[in-house]
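Spelled out, the chains give:
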Amino acid sequence: MSNVKQTITDSEYAIMRILWKAEKQMTVADVVKELEGNDWTASTVSTFLQRLLKKEVIACDKKGKTNLYYPLLKQSEYDLSETENFLSKIYKGSVKNLVAALYENKKLSNEDVSDLKKMFELE
């Protein structure tokens with residue numbers, strides 16, 4: 001699933017972060033409990049979970065009347081896909097253009113530049 005076809009909204013991403021962090025399958029109530037600073041109801045969370053199921057980025061096991069949700073999409077796969085989309089859209093797919101923009105706008109510290117140089121040095 002390295003090529004993420006479905007866009008995950010910010011609200012769905014909040015749910016995904018909880019599922020990624022969990023070390024077990026989660027109920028709607030579990031997810032609601034983990035949402036900090038959010039007043040979503042169980043119904044709202046359930047709606048987002050249904051959307052994520054439809055996008056096939058999570059799955060659900062039934063245990064009696066309880067639905068247990070877990071991620072199918074790995075966070076690293078999603079992060080990479082989003083990064084590639086961002087680079088493609090804003091910087092024509094060029095990491096160099098991204099770094100140049102950050103450097104020109106003084107968003108990279110001297111330490112960042114030094115770390116980047118070390119990262120790209122050939123042995």
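Our structure is the block above this text.
All figures in this text were calculated on a predicted structure; none of them were measured in a lab.

To continue, consider the overall build of the protein. Scanning the protein from N- to C-terminus turns up six helices and two strands. In the protein, the succession of α and β elements from N to C terminus is α-α-α-β-β-α-α-α. On C-alpha atoms alone, the protein measures out to a radius of gyration of 19 Å, which is more than a quarter above the 14 Å that the 2.2 N^0.38 rule sets for 123 residues. When each of the 123 residues of the protein is scored for burial, the buried share is 27%.

Ile 15, Met 16, Leu 19, Val 31, Val 45, Leu 49 and Ile 58 are the most contacted members of the largest nonpolar core, which has 20 residues in total. Sorting the residues of this core by element identifies α1 (10-21), α2 (28-34) and α3 (42-54) as the ones contributing at least two each. Ranked by residue count, the leading element in this core is α1, at five residues. Leave out the neighbours within four places in its chain, and Val 45 touches Ile 15, Val 28, Val 31, Val 32, Leu 35 and Trp 40.

Once that is clear, we can look at the pattern of salt bridges. Following the criterion strictly, the structure yields three salt bridges and no others. Notably, a salt bridge pairs Glu 12 with Lys 55, separated by 2.7 Å at the nearest N-O pair. Here Lys 55 lies in the loop between α3 and β1 (58-63) and Glu 12 lies in helix α1, a separation of 43 residues in the sequence. Overall, the relative accessible area of 1% leaves Glu 12 in the buried class. In this structure, the salt-bridge partner of Lys 24 is Asp 30, at a minimum N-O distance of 3.5 Å. The class of Lys 24 is exposed, set by a relative accessible area of 52%.

Position of Ser 94 among the secondary structure elements: in the loop between α4 (75-91) and α5 (95-104). Ser 94 gets classed as buried once you look at its relative accessible area, which sits at 18%. From its side chain, Ser 94 meets the backbone nitrogen of Lys 96 in a polar contact 3.3 Å long.

All right, on to the packing of α1 against α3 then. Across the interface, α1 lies against α3 with an axial gap of 10 Å and an inter-helix angle of 85°. Considering their axes alone, α1 and α3 lie roughly perpendicular with respect to each other. Contact with α1, carried on its side by Ser 11, Glu 12, Ile 15, Met 16 and Leu 19, involves Val 45, Phe 48, Leu 49, Arg 51 and Leu 52 of α3 and no other residues of that element. Split by residue class, the contact of α1 with α3 holds seven nonpolar, one polar and two charged.

Attention now moves to the pairing of strand β2 (residues 66-71). Where β1 meets β2, six bridges bridge the pair, whose relative direction is antiparallel. What sits directly across from Lys 63, in β2, is Thr 66. What sits between β1 and β2 in their antiparallel hairpin is a turn of two residues, with Gly 64 showing a positive phi close to 70°.

Cut-offs used in this document
- Sequence order as written defines the numbering, with residues in each chain counted from 1.
- Local features in this predicted model are restricted to residues of pLDDT 70 or higher, and side-chain atom pairs are both shown and tallied only at a pLDDT of 80 or more, whereas totals for entire chains, interfaces and linings draw on every residue.
- Computation of side-chain values: all heavy atoms of the structure, hydrogens and water removed.
- Helix and strand definitions follow DSSP, with helices as H or I runs of at least four residues and strands as E runs of at least two, each counted in order from the N terminus.
- What the globule rule says is 2.2 Å times the number of residues to the power 0.38, and the radius of gyration is computed from C-alpha atoms.
- Only protein chains enter the accessibility calculation, which uses a 1.4 Å probe; a residue is then buried when its area is under 20% of its type maximum, exposed when over 50%, and partly exposed in between.
- In these notes, a set of buried Ala, Val, Leu, Ile, Met, Phe, Trp, Tyr and Cys residues joined through side-chain atoms within 4.5 Å is what counts as a nonpolar core.
- The contact rule is simple, with two residues in contact once any of their heavy atoms fall within 4.5 Å.
- Every case where a carboxyl oxygen of Asp or Glu lies within 4 Å of a side-chain nitrogen of Lys or Arg is listed as a salt bridge.
- Polar contact is defined as a pair of N or O atoms within 3.5 Å, subject to the rule that within protein one atom must be able to donate a hydrogen and the other to accept it, and that residues adjacent in sequence are counted only when both atoms are side-chain atoms.
- Note on definitions: angles span 0 to 180 degrees between N-to-C directions of axes, and those axes are lines fitted to C-alpha atoms, for helices only across the stretch in contact.
- Oblique is the label for any angle not under 35 degrees, not over 145, and not in the 65 to 115 range, which are roughly parallel, roughly antiparallel and roughly perpendicular in turn.
- Under this grouping Gly is polar, as are all residues other than the nonpolar Ala, Val, Leu, Ile, Met, Phe, Trp, Tyr, Cys and Pro and the charged Asp, Glu, Lys and Arg.
- Paired strands are those between which DSSP finds at least two bridges.

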